[in-house]
Structures are given as C-alpha cells and as structure tokens.
Amino acid sequence: MGNPADEAVARRLLGSAWHPRAAARAYDSVLVTRHAMSRGGEWTWTAGTASLAGMLFSDAPLRVRAPHAAVDVHPDEALLLLPDRETTVVAPRGAIIVALWIPWSDLAESSPQAPGIALPGTSLTAGVRAFIGSLVEQKPVGNPPADPFISRVATRMVRAVLHEATSPQFPTADRM
C-alpha cells in the first residue's frame, strides 16, 4: 500500500525490516510506515543514517538496546529513535509496528533535552498512535492539499509527547 516513491524512502529507512506487505505514506515532510517484525526479529537504526526521528508503536513488547542501556518498550508506550543514537530493536514475540518519521529539525527546537527512548503511555501517546495508524491505512490519492496540514498536526502531536516526556513532573521521563 502506498505509492512507489513513499515505499522507496521507507525501504531505505527500514532496510531489512521492510517486507512486501509493509505500507508507507508520505504527507508533506513526514512519513508513516507499517511493517512486521518476525518472532525474535532484530533491526538496527543506525546513527547518522538520516536526519529523521522516528516515533514507533508496537502491538507487542519490544526489547531495545542502545550503546549504554537496554529497556523493554511495552505496547502502550512509544519508542523514540533519534538521528544520532544507534538503537537495536528486537521483537521477542514478533510485532506489527506503525511508525511516524519526522525531520529532526522540526522537533529539536521544541525539545532541547532529548527524552529517553521509551516514552510513557499517556493519552497523548495513544492519540498519536491512533492518528498515524489511521494515516497509514488510507488509500493513496496523490498529493492532496491536506498533506501539509496533516504533516503539521503530526509534528505538533509528537512535540507534545516529547514535551510531556521531558517534563520534570513526569516520573518516568528518564527511561534510557
């Protein structure tokens, strides 16, 4: 699902995690993807690969390793991939992953302190998950006039999640 240009970008981002039933949709400056990881599947986000950040949601627990730590990311949480932080994602039981890829430059100004990789499950996080899940399921219709607005809404939603995760009032903001 998606047009070939969107899928080509997603294929470069996901590398070996891309498969024929995966989906990708671009909305102006953001990309939404959906792909499956097999049981025990492993995928590494390489630092410096792109100037993008990824916010990923899984339907099953993930084990995430970075150079200095490891953490489990539960299905109600979000996984944040930063452009300068190599991260390995393992799906012990297999997983369907929906992801939103945003230029880091659109996020960095609003989040000077990078949050941890595992973002807590909150109503904001659940809202982003539902929104991008609906976007990746849409049939491609070219480049409609709504794309820039969808991109801005998605970016603002992620900014809100990052702000919440780095808030000193949030007790689990320091996970990895």
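What counts as what
Residues numbered from 1 in each chain as written. Predicted model: local features only at pLDDT ≥ 70, side-chain atom pairs only at ≥ 80, totals over all residues. Heavy atoms only, no water. Pairing = 2+ DSSP bridges. Helix = DSSP H or I, 4+ residues; strand = E, 2+ residues; numbered from the N terminus. Contact = heavy atoms within 4.5 Å. Axes fitted to C-alpha atoms, helices over the stretch in contact; angles between N-to-C directions. Expected span 1.5 Å × (residues − 1). Buried < 20%, exposed > 50% of the residue type's maximum accessible area, 1.4 Å probe, protein only. Arc of directions from axis to C-beta. Polar contact = N/O pair within 3.5 Å; in protein donor to acceptor, adjacent residues only side chain to side chain.

Caption draft 1: Structural view of the sheet that holds strand 4 (residues 52-58). Strand order in the open sheet formed by 6 strands is 1-2-9-4-7-10, and the pairing between neighbours is antiparallel. Each of the sheet's edge strands pairs with one partner strand only, and the pair in question is strand 1 (23-27) and strand 10 (118-119). In the sheet, strand 2 (residues 30-37) pairs with strand 9 (residues 95-103) via 7 bridges, with the strands oriented antiparallel. Its bridge partner lying in strand 9, Met-37 is registered against Ala-95. The sheet strands contacting helix 3 (residues 123-137) are strand 1, strand 2, strand 4, strand 7 (78-81) and strand 9, and the helix crosses strand 4 at an angle near 95°. On the sheet, helix 4 (residues 147-165) packs against strand 1, strand 2, strand 4, strand 7, strand 9 and strand 10 and is oriented at approximately 100° with respect to strand 9.

Caption draft 2: Representation of unusual backbone geometry in the model. Here Asp-28, not a glycine, exhibits a phi torsion of approximately 55°, which is positive. Its place among the elements puts Asp-28 in the loop between strand 1 and strand 2.

Caption draft 3: Summary view of the sheet that holds strand 8 (residues 87-91). Spatially, 3-8-5-6 is the arrangement adopted by the 4 strands of the open sheet, whose pairing is antiparallel. Single-partner strands in this sheet number two, and they are strand 3 (41-45) and strand 6 (69-73). Averaged over all neighbouring strand pairs, the angle between strand axes comes to 20°, with direction disregarded. Pairing of strand 5 (residues 62-66) with strand 6 involves 5 bridges; the strand directions are antiparallel. Bridge assignment links Leu-62 to a residue of strand 6, and that residue is Val-73.

Caption draft 4: Up close: helix 3. End to end, helix 3 covers 21 Å across 15 residues, agreeing with the expected 21 Å (1.5 Å per residue, within 8%). Every buried residue of helix 3 is accounted for by Thr-125, Val-128, Ile-132, Leu-135 and Val-136. Axial view of helix 3: buried residues confined to an arc of 95°, hence all on one face. Residues of helix 3 that are exposed and point more than 90 degrees away from the buried face comprise Ser-123 and Ala-130. Those residues of helix 3 that are buried lie in contact with strand 1, strand 2, strand 4, strand 7, strand 9 and helix 4. The N-terminus of helix 3 is capped by Thr-122, whose side-chain oxygen sits 3.3 Å from the backbone nitrogen of Leu-124.

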